[in-house]
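Residues per chain are reported as follows:
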Amino acid sequence: VSCHDDMCLVDRLKASIPGLSDATRSEADRMAELIRLDLLAQTAVLTSQGVPFLLSGEEMLRTKQGVHNSFKSPDEINHLDWNNLQRYPQVFDYYKGLVHLRLSHPAFRLGSADLVRKHLEFLPTQDCLVAFRLKNHAGGDAWNNIYVILNSSPDFQTVQIPEGDYTIVVANGQADEAGLGDMQGGEVMIDGQSALILHD
């Protein structure tokens, strides 16, 4: 979702979503939406198969003030603003939780196309949703089925999953492998501009 010789994620989101720069909205509302979308984008990266790529500073909402290729730019463009760790600790904590989840669960890093074809299936969804299941203890994972649901819509959305008892590990801008709560299967609701990850 970002790399060193293009816009960093914060700048890309501001450039592509007009409401994030809309001066008629409060700064708090704009930042809340920016953070939701930032976390959603990195959830897609860190739950995808293959090798994830994160630009330095993304975990602290790095900005290069919209400069694409900043190799000739001064420090005020290229620096990492370490104060953002204190301003937005929830962003760092979420990234940390996702990295821990990925490292702890081989289902997120299967290592071959054959294993991906065997264990990953996409679920039927409506617009603005991506949902997939990593099934049957993928890669020898301790979790049987892992559901990853990404909702880019600002509104609640629903996805059907099989009936059963599930543990939520990512929801509402929080990521914790130990669990954030329990949920029943069936029609599952996902908050706007957020990710939901659960397992049985």
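What comes next concerns the included structure. Note that this is a predicted model, so its numbers are computed, not measured.

Moving on, we get to the overall build of the protein. Helices and strands together make up the secondary structure of the protein, namely 6 helices and 7 strands. A fraction of 61% describes how many contacts in the protein between residues 6 or more apart in sequence connect residues 24 or more apart. Carbon and sulfur atoms provide 54% of the accessible area of the protein, an area that totals close to 10,200 Å². Averaging the positions of the 16 positive and the 27 negative side-chain charges in the protein gives two centres separated by 7 Å.

Moving on to the pattern of salt bridges. Using the criterion set out here, one finds 7 salt bridges in the structure. As a salt-bridge pair, Glu33 and Arg25 come within 2.7 Å of each other at their nearest N and O atoms. Take Glu33: its relative accessible area is 11%, and that puts it in the buried class. By relative accessible area, which is 25% here, Arg25 ends up partly exposed. Among the ionic pairs, Glu27 bridges to Arg30, the shortest N-O distance being 2.5 Å. Of this pair, Glu27 and Arg30 both sit in helix H2 (residues 27–46), 3 residues apart, which is roughly one turn of the helix. Accessibility expressed as a relative area gives 16% for Arg30, which makes it buried.

Ring pairs (aromatic) are described by centroid distance and by the angle formed between their planes. Scanning the model with the defined rule gives 2 aromatic pairs in all. An angle of 65 degrees between the planes, with centres 5.9 Å apart, marks the rings of Phe122 and Phe132 as edge-to-face. You can see Phe122 sitting in strand S1 (residues 120–122) and its partner Phe132 sitting in strand S2 (residues 129–134), a full 10 residues away along the chain. The exposed category is assigned to Phe122, whose relative accessible area is 58%.

Turning to the nonpolar core, a few remarks are in order. Ranked by size, the top nonpolar core spans 35 residues in total, and within it Leu101, Leu134, Ile146 and Val170 carry the most contacts. Elements supplying a minimum of two residues to this core: helix H1 (9–16), H2, helix H5 (89–104), S2, strand S3 (146–151), strand S4 (157–171) and strand S7 (194–199). Considering each element in turn, this core owes the most residues, 8 residues, to H2. Beyond its immediate sequence surroundings of up to four residues, Val170 is in contact with Tyr94, Leu98, Leu101, Ala175, Leu180, Ala195, Leu196 and Ile197. By size, the runner-up hydrophobic cluster in this structure holds 14 residues, among which are Leu129, Val159, Tyr166 and Leu198.

This part covers the layout of surface pockets. Its boundaries defined by the atoms lining it, the largest pocket holds a volume of some 160 Å³. What lines the largest pocket is a set of 13 residues, among which Arg36, Leu39, Asn172, Gly173 and Ser194 lie closest to the centre. Listing elements by their share of the lining of the largest pocket, those giving two or more residues are H2, H5 and S7. Residue contributions to the lining of the largest pocket peak at 5 residues, all from H2.

Direction vectors running N to C along H2 and H5 enclose 15 degrees, while the axes themselves pass 11 Å from each other. For the element pair H2 / H5, the angle class is roughly parallel. Read as a crossing pair, H2 and H5 show a hand that is right-handed. On the side of H2, the interface is formed by Ile35, Asp38, Leu39, Gln42, Thr43, Val45 and Leu46, while H5 contributes Gln90, Val91, Tyr94, Tyr95, Leu98, Val99 and Arg102.

Restricting attention to buried positions, one finds in H1 the residues Leu9, Val10, Asp11 and Leu13. Structurally, H1 contributes buried residues whose contacts are with H2 and H5.

So, how was this worked out
- Residues numbered from 1 in each chain as written.
- Predicted model: local features only at pLDDT ≥ 70, side-chain atom pairs only at ≥ 80, totals over all residues.
- Heavy atoms only, no water.
- Helix = DSSP H or I, 4+ residues; strand = E, 2+ residues; numbered from the N terminus.
- Contact = heavy atoms within 4.5 Å.
- Areas by Shrake-Rupley, 256 points an atom, 1.4 Å probe, with all protein chains shown as cover.
- Lys, Arg positive; Asp, Glu negative; His and termini not counted.
- Charge placed at Lys NZ, Arg CZ, Asp CG, Glu CD.
- Salt bridge = Lys/Arg side-chain N within 4 Å of Asp/Glu carboxyl O.
- Buried < 20%, exposed > 50% of the residue type's maximum accessible area, 1.4 Å probe, protein only.
- Phe/Tyr/Trp six-rings, centres within 6.5 Å; stacked < 30°, edge-to-face > 60°.
- Core = buried A, V, L, I, M, F, W, Y, C linked by side-chain atoms within 4.5 Å.
- 1 Å grid on protein atoms, 1.4 Å probe; cavity = no way out; pocket = protein on both sides within 12 Å on 5 of 7 lines; lining within 4 Å.
- Points joined across faces, edges and corners; volume = space filled by probe spheres on them.
- Axes fitted to C-alpha atoms, helices over the stretch in contact; angles between N-to-C directions.
- Parallel < 35°, antiparallel > 145°, perpendicular 65-115°, else oblique.
- Left-handed = near helix turned anticlockwise from the far one by under 90°.

Any link to function would need more than the numbers given here.
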